[in-house]
Amino acid sequence: METNFNVLSPRIQSSSPQVFPLASRNKICFPSQHSFGVKFGSPKRSWDICSTPKSRAREDERMKHSSAISAVLTDDNSTASLEEDVETENIGLLNLDPSLQPYLDHFRYRMKRYAEQKKLIEQHEGALEEFALGYLKFGFNREDGCIVYREWAPAAEEAEVRGDFNGWNGSNHMMEKDQFGVWSIRIPDVDGNPAIPHNSRVKFRFKHGNAAWVDRIPAWIKYATVDTTRFAAPYDGVYWDPPPSERYHFKYPRPPKPKAPRIYEAHVGMSSSEPRVNSYREFADDVLPRIKANNYNTVQLMAIMEHSYYGSFGYHVTNFFAVSSRSGNPEDLKYLIDKAHSLGLQVLVDVVHSHASNNVTDGLNGFDVGQSSQESYFHAGERGYHKLWDSRLFNYANWEVLRFLLSNLRWWLDEYNFDGFRFDGITSMLYVHHGINMGFTGNYHEYFSEATDVDAVVYLMLANNLIHKIFPDATVIAEDVSGMPGLGRPVSEGGIGFDYRLAMAIPDKWIDYLKNKNDEDWSMKEVTRSLTNRRYTEKCIAYAESHDQSIVGDKTIAFLLMDKEMYSGMSCLTDASPVVDRGIALHKMIHFFTMALGGEGYLNFMGNEFGHPEWIDFPREGNNWSYDKCRRQWNLADNEHLRYKFMNAFDRAMNSLDEKFSFLASGKQIVSSTDEDNKVVVFERGDLVFVFNFHPENTYEGYKVGCDVPGKYRVALDSDAWDFGGHGRVGHDVDHFTSPEGIPGVPETNFNGRPNSFKVLSPARTCVAYYRVEENIAETEDDQTVISSELPTANIEENDDILNDSPSGNITDAGRIDLVSI
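In this text, all values refer to a predicted model and were calculated from it rather than measured experimentally.

Conventions and cut-offs
- Residues numbered from 1 in each chain as written.
- Predicted model: local features only at pLDDT ≥ 70, side-chain atom pairs only at ≥ 80, totals over all residues.
- Heavy atoms only, no water.
- Helix = DSSP H or I, 4+ residues; strand = E, 2+ residues; numbered from the N terminus.
- Buried < 20%, exposed > 50% of the residue type's maximum accessible area, 1.4 Å probe, protein only.
- Contact = heavy atoms within 4.5 Å.
- Areas by Shrake-Rupley, 256 points an atom, 1.4 Å probe, with all protein chains shown as cover.
- UniProt positions renumbered as here; feature names shortened; annotations may be inferred.
- Phe/Tyr/Trp six-rings, centres within 6.5 Å; stacked < 30°, edge-to-face > 60°.
- Pairing = 2+ DSSP bridges.
- Expected span 1.5 Å × (residues − 1).
- Polar contact = N/O pair within 3.5 Å; in protein donor to acceptor, adjacent residues only side chain to side chain.
- Salt bridge = Lys/Arg side-chain N within 4 Å of Asp/Glu carboxyl O.
- Axes fitted to C-alpha atoms, helices over the stretch in contact; angles between N-to-C directions.
- Parallel < 35°, antiparallel > 145°, perpendicular 65-115°, else oblique.
- Left-handed = near helix turned anticlockwise from the far one by under 90°.
- Nonpolar A, V, L, I, M, F, W, Y, C, P; charged D, E, K, R; others polar.
- Patch = residues over 30% accessible without salt bridge, like charges linked within 9 Å, V, L, I, M, F, W, Y side chains within 5 Å.
- Core = buried A, V, L, I, M, F, W, Y, C linked by side-chain atoms within 4.5 Å.
- Domains from an automatic or database assignment.

## Brief notes about the overall build of the chain
Here comes step 1: Across its full length, the chain carries 16 helices and 38 strands.
Here comes step 2: Expressed as a percentage of the 822 residues in the chain, the buried residues total 63%.
Here comes step 3: Summarising the internal contacts of the chain: among those between residues at least 6 apart in sequence, 75% fall at separations of at least 24.
Here comes step 4: By element, 47% of the accessible surface of the chain is carried by carbon and sulfur atoms, the whole surface being about 29,200 Å².

## Describing the UniProt feature "active site" (unreviewed entry) in the chain
Here comes step 1: Mapped onto this numbering, the UniProt entry annotates "active site" (unreviewed entry) at Asp424 and Glu479. A maximum C-alpha distance of 5.4 Å is found for the annotated residues, which run over 56 residues; spatially they form one tight group.
Here comes step 2: Mapped onto the elements, Asp424 comes out in the loop between strand E23 (420–423) and helix H7 (426–430).
Here comes step 3: Taking relative accessible area as the criterion, Asp424 reaches 1% and is therefore assigned buried.
Here comes step 4: On the basis of relative accessibility, which here comes to 1%, the residue Glu479 falls in the buried class.

## Some points on the packing of aromatic side chains
Here comes step 1: Enumeration over the complete set of coordinates arrives at 61 aromatic pairs.
Here comes step 2: Considering the side-chain rings of Phe140 and Tyr239, the 5.8 Å spacing of their centres and the 70° angle between planes classify their relative orientation as edge-to-face. Within this pair, whereas Phe140 is found in strand E6 (residues 139–143), its partner Tyr239 is found in strand E14 (residues 235–239), the two being separated by 99 residues in sequence.
Here comes step 3: Residue Phe140 is classed as buried on the basis of its relative accessible area, which comes to 8%.

## Some details on the pairing of strand E10 (residues 182–188)
Here comes step 1: As paired elements, strand E7 (residues 146–152) and E10 share seven bridges and run antiparallel to each other. Across the sheet, residue Arg150 finds its bridge partner in E10, namely Ser184.
Here comes step 2: Of the pairings in the sheet, the one linking strand E9 (residues 176–177) to E10 comprises two bridges and is antiparallel in character. For Lys177, the partnering residue across the bridge sits in E10 and is Trp183.

## Describing helix H5 (residues 330–342)
For an α-helix the count is 3.6 residues per turn, leaving residues at separations of three or four pointing the same way.
Here comes step 1: The end-to-end C-alpha distance of H5, which contains 13 residues, comes to 19 Å, matching closely the 18 Å that a straight helix rising 1.5 Å per residue would cover.
Here comes step 2: When you tally the buried positions in H5, you get 11 out of 13 residues, the bulk of the element.
Here comes step 3: When we look at burial in H5, the residues that qualify are Pro330, Glu331, Asp332, Leu333, Lys334, Tyr335, Leu336, Ile337, Asp338, Ala340 and His341.
Here comes step 4: Contacts made by the buried residues of H5 are with helix H4 (280–293), strand E16 (298–302), strand E18 (319–323), strand E19 (346–351) and helix H6 (399–416).
Here comes step 5: The backbone nitrogen of Glu331 has a side-chain oxygen 2.9 Å away, supplied by the residue at the start of H5, namely Asn329.
Here comes step 6: Gly344, located one to two residues past H5, shows a positive phi value of around 80°.

## Brief notes about the pattern of salt bridges
Here comes step 1: Tallied over the full model, the rule gives 54 salt bridges.
Here comes step 2: Among the charged side chains, a salt-bridge network with shared partners connects Lys137, Glu143, Arg150 and Arg186.

## Brief notes about H6
Here comes step 1: A rise of 1.5 Å per residue sets the reference length of H6, with its 18 residues, at 26 Å; its end C-alpha atoms lie 25 Å apart and thus fit the reference within 8%.
Here comes step 2: Counting buried residues along H6, 18 of its 18 residues qualify, which places the element largely inside the surrounding structure.
Here comes step 3: One side-chain oxygen at the N-terminal end of H6 lies 2.9 Å from the backbone nitrogen of Glu400; it belongs to Asn398.

## A short note on the packing of H4 against H5
Here comes step 1: One way to put it is that H4 packs onto H5 with a least axis distance of 7 Å and a crossing angle of 20°. Our classification of the angle between H4 and H5 gives roughly parallel. For the crossing formed where H4 meets H5, the hand is left-handed. Here Tyr280, Arg281, Phe283, Ala284, Asp285 and Leu288 of H4 come into contact with H5, specifically with Glu331, Asp332, Leu333, Tyr335, Leu336, Lys339 and Ala340.
Here comes step 2: Split by residue class, the contact of H4 with H5 holds eight nonpolar, no polar and five charged.

## Side note on a nonpolar patch on the surface
Here comes step 1: Together, Phe231, Tyr309 and Trp625 make up an exposed nonpolar region whose accessible area comes to about 410 Å².
Here comes step 2: Among the residues examined, Phe231 registers a relative accessible area of 73% and is labelled exposed.

## With respect to the sheet that holds E9
Here comes step 1: Read across the sheet, four strands follow the order E6-E7-E10-E9 without closing on themselves; strand pairing throughout is antiparallel. The two strands at the open ends of the sheet, each matched to only one other strand, are E6 and E9.

## A few points about the pairing of strand E8 (residues 158–163)
Here comes step 1: Among the six residues in E8, five count as buried, and that is most of the element.
Here comes step 2: Across six bridges, the pairing between E8 and strand E11 (residues 200–207) is antiparallel. Pairing of Ala159 across the sheet is with Phe206, part of E11.

## Structural notes on the environment of Met524
Here comes step 1: Mapping Met524 onto the fold places it in helix H10 (residues 524–532).
Here comes step 2: Met524 sits in the buried class, given a relative accessible area of 2%.
Here comes step 3: Along the chain, Met524 and Asp675 lie 151 residues apart, while their C-alpha atoms are 6.8 Å from each other.
Here comes step 4: Contacts of Met524, omitting those with residues within four sequence positions, involve Thr674, Asp675, Glu676, Lys679, Val680, Val681 and Phe694.

## Describing the nonpolar core
Here comes step 1: Counting 202 residues, the largest nonpolar core has Tyr377, Leu406, Phe423, Tyr459 and Phe592 as its most contacted members.
Here comes step 2: Two domains share this core, each providing at least three of its residues, namely domain 1 (132–239) and domain 2 (669–773).
Here comes step 3: Leaving out residues up to four positions away in the same chain, Phe592 has contacts with Phe650, Met654, Leu657, Phe663, Phe690, Phe692, Leu717, Cys767 and Ala769.

## Description of the environment of Gly363
Here comes step 1: By the element assignment, Gly363 lies in the loop between strand E20 (356–357) and strand E21 (385–386).
Here comes step 2: Judged by its relative accessible area of 5%, Gly363 falls in the buried class.
Here comes step 3: The spatial distance from the C-alpha of Gly363 to the C-alpha of His307 is 8.5 Å, given a sequence separation of 56 residues.

## Overview of the side chain of Gln371
Here comes step 1: Counting through the fold element by element, Gln371 comes out in the loop between E20 and E21.
Here comes step 2: Its relative accessible area of 11% is what places Gln371 among the buried residues.
Here comes step 3: A polar contact is formed between the side chain of Gln371 and the backbone oxygen of Phe367, at a distance of 3.0 Å.
Here comes step 4: Of the polar contacts made by the side chain of Gln371, one reaches the backbone oxygen of Glu375; its length is 3.1 Å.

## Here's the deal with the side chain of Thr556
Here comes step 1: Along the chain, the position of Thr556 falls in the loop between strand E27 (540–542) and helix H11 (557–562).
Here comes step 2: Apart from residues no more than four positions distant in its own chain, Thr556 is found in contact with Glu545, Gln549, Ser550, Asn608 and His612.

## Re the sheet that holds strand E36 (residues 756–762)
Here comes step 1: Ordered in space as E32-E36-E35, the three strands form an open sheet in which the pairing is antiparallel. One side of each edge strand has no neighbouring strand; the edge strands of this open sheet are strand E32 (700–707) and strand E35 (739–740).
Here comes step 2: Bridge analysis of E32 against E36 gives six bridges, and the strand direction is antiparallel. Bridged to Val705 within E36 is Phe758.

In structure tokens:
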């Protein structure tokens, strides 16, 4: 969650006055401050670990250390040859965007650093996938009739494990330290049973340099709980190893990866209709069916990684391998994910590797007792602290940090069957200034300068490589406000490897318009430019609002539009007031416009689909620890007498439209008209033609719209339909026949650059999507629309070559959105 960065989105420059490329604020920069050396936090070790993540059996349980290599890699002592599948001289990304050519040295340097790091891991740990099985060695694991516990704490002078199992007296369970700073102990079973009972509390206790003993939750702990009866009670680590009868066993396979993700962003804890913390199982049984009913195909879960402060929204993680205990235990979360898979929903998890909670007693920060960065998870001094987030910053060049974070990713994929990740706070990672007080103007030097944190870039490249090797169909999304070029391109091309980037400038534009502009002053060109301002071949997830706009202190789109009348004017038993009529109309238009034109995927936050009237507020000191706003009022959308149902129905219809026509996955995206005088935008996406009339008063009869393919067009989705709270002004049984325009093959003679046109009725504050009717379908089926859920399936011609991972092609031809006659 990034809220402190100022992002500028300048006018797109183009050689042609009528064609605008996809983006220009996304440019890149080169680091010169880093020495060529790669620093590691500890020498390397080689362990024989079974490559099957679910198995606890290993061929050889003994820790095998390789001979120590130099802690610093330089040209003179490098033992790594470049990996074969990475090209360090001819960077494919530069073929897509030749304007990156001045930064060729940066890309070569970055790729070489990545290749060398990956090769070192392979030499001293096995494959990258094996390196990421650190959770089978660190933390608590069963090995040969023992519980073996290992912890990396190089600054500790003595260490012991204590807990319920030994009466919190660790004197008989002292640990031994090896040459790499890893403490370990083998605790034999007692009478054939584990010495540490399942679900019992444990802690790591160590003595550091000033002779003080401190208790810490094990860094790799898989579950952590707090005594809810004690105010401000500290968290305890919990040894989680349930017997087979108590384990949740997955029953359903992962669903196929959708052509385009339609994401429902959700927070399990605040998903109850009551002011309390909801559980994983309740969410699975009560909320997942709602998500499926609204035709989403992906669920993105926030706040899953354990965090001691609930009000942090899950972004101040204390225990990276543990599920948030407020909503249940690990088996409960598995039930949720399996239930989602049974419904055909993919599940992504918010992963926070950009920073860690500043907490000492219950967080990873507690292992830092003043040692150097090479012996700590974090950078020392100012570089290791984020002053706006009050959190610690990882040292991504440290060997054990890489093991910890990469293993964390594999843990969530393998143990819980998640289908991918949304990486939080990427901007903070990419730059040594963390994006604080930065306005990214689009100058490439902002992305490739001494401000670039190459250590973090290399980690992200390794992470994406790992994720897609373990699970090729994974969906991985980056939350980056800077727009770094190459973020969404494959690592093999010199990119960072994400599948999608969140289009974070879009909600800012809508909020700005709703707060600061009258309806008459809305610029069709400016809004359209904001939605289409993205880089060639780098996919984006578009959204009009997310959890950021729902947090207390901000306002959702519905609240900005209707304010107090959301409480008094939403009854269907009386006529809608002008405020409510406008609010519902624009709520539908803004979300549909964003979905149809803003990216290659779409995201909505829980409750915003029906215009939830309240913000989110977690229990905190400022509200006397109240749960009053920690809920979602689902009954509002279910109540037939309230107008919230109209926005919910339209949200369902939008997703259904994409389900039937796959326009989000189509590379065909052409804006033919942005009519400032009439406040109308016309564009084609896939096989559909969209007409948005933002004028507050004017209705246009016989409004002429351009299109590509000749034929007969009918209404596919109409925001003015009665079922969506509209006025029913558009006829759904009307056939719209095209007329040819201009000279075939001569675009300048066409209508708005399109070879055909047809005329429509366009009422004020409405949006309508039209599909071309195949004659054989028209003869056998009645005219249907999405409203009735019987929309005929059009013949969709896939045209998404520009979105594949091929580095070939010129940037002027690949992935372009044409904005004709702007």
